[in-house]
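Tertiary structure, described
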Amino acid sequence: MNPDNPVVRLCAEGMRAEADGRAADARDLFEKAWETATDDYEACVAAHYLARHQPTPEDTLHWNRECLARADNVGDDRVRGFYPSLHINLGTAYRDLGDLTKAREHFLLAATCVDDAPQGQYGDWNRFAIAEGLRSTGGLEHGPVDDLLPDLLTRLCARADLKALGLILPAYLGDLGTDTDRVRLTMALHMVHAARWLPDDDQTAIGQAIAALSMP
């Protein structure tokens, strides 16, 4: 986004207000951004931030729907990377209102375009949010390691084994149920297992998880 754009600049000021704990100021800045918008692209940006400061779940849903509609109106590469987040926000809004069917629909849509989000921490955040949303709305089948890894991860957390957690958690939390995700998780487990720095019980648990992932 162009930092010199007046709408983007207002939203950036609003985000700084958020970080300072000035919620009312943030909302005022986002509302001003909406009023300043001159086209669908600027309105999409403003609506995205305005949705974060609404008094009711229904209002939050309204602004997230407005944001998606404006992005659809733009329909070019400027908004392509927005879509995973837009569908995550809509999925979350519907879930908060108890409509799990609609929520799941949007989390699934987010999963189809997750690779369009900028890579790095932002891309990881999108992937984690989609996976969590799918799990919470029944959009992911119970996987072969879902009965094996939670206990292992709990033990790793209790020991603050950051090295093992750093390898396993991103692949586990970002698992969207695809073959590529299964390969990514298997490789992470293989790396930890091959290093053999964990206690025997944990080595065994990782070996069992690798075997489960290898089953057709």
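Above this text you will find the structure in question.
Now for a look at the structure at hand. Quantities reported herein were computed from a predicted structural model and do not represent experimental measurements. (Residues numbered from 1 in each chain as written. Predicted model: local features only at pLDDT ≥ 70, side-chain atom pairs only at ≥ 80, totals over all residues. Heavy atoms only, no water.)

1. Side note on the overall build of the chain
- The helix and strand tally for the chain stands at twelve helices and zero strands.
- The order of α-helices and β-strands along the chain, N terminus first, is α-α-α-α-α-α-α-α-α-α-α-α.
- Overall size of the chain, expressed as C-alpha extent along the three principal axes, is 60 × 35 × 30 Å.
- Counting across all 216 residues of the chain, residues that qualify as buried make up 42%.
- On the chain, the mean spot of the 21 positive side-chain charges and the mean spot of the 35 negative ones are 2 Å from each other. (Helix = DSSP H or I, 4+ residues; strand = E, 2+ residues; numbered from the N terminus. Buried < 20%, exposed > 50% of the residue type's maximum accessible area, 1.4 Å probe, protein only. Lys, Arg positive; Asp, Glu negative; His and termini not counted. Charge placed at Lys NZ, Arg CZ, Asp CG, Glu CD.)

2. Examining the environment of Gly14
- If you trace the backbone, Gly14 turns up in helix 1 (residues 6–19).
- Ignoring any residue separated from it by four or fewer positions in sequence, one finds Gly14 in contact with Ala26, Leu29 and Phe30. (Contact = heavy atoms within 4.5 Å.)

3. What about the packing of helix 9 (residues 149–158) against helix 12 (residues 200–214)?
- Running from amino to carboxyl end, helix 9 crosses helix 12 at an angle of 145°, the nearest separation of the two axes being 10 Å. By crossing handedness, the relation of helix 9 to helix 12 is classed as left-handed. Of the residues in helix 12, those in contact with Leu149, Leu152, Arg155 and Leu156 of helix 9 are Asp201, Asp202, Ala205, Ile206 and Ala209.
- Residues belonging to the contact of helix 9 with helix 12 are distributed by class as follows: six nonpolar, no polar and three charged. (Axes fitted to C-alpha atoms, helices over the stretch in contact; angles between N-to-C directions. Left-handed = near helix turned anticlockwise from the far one by under 90°. Nonpolar A, V, L, I, M, F, W, Y, C, P; charged D, E, K, R; others polar.)

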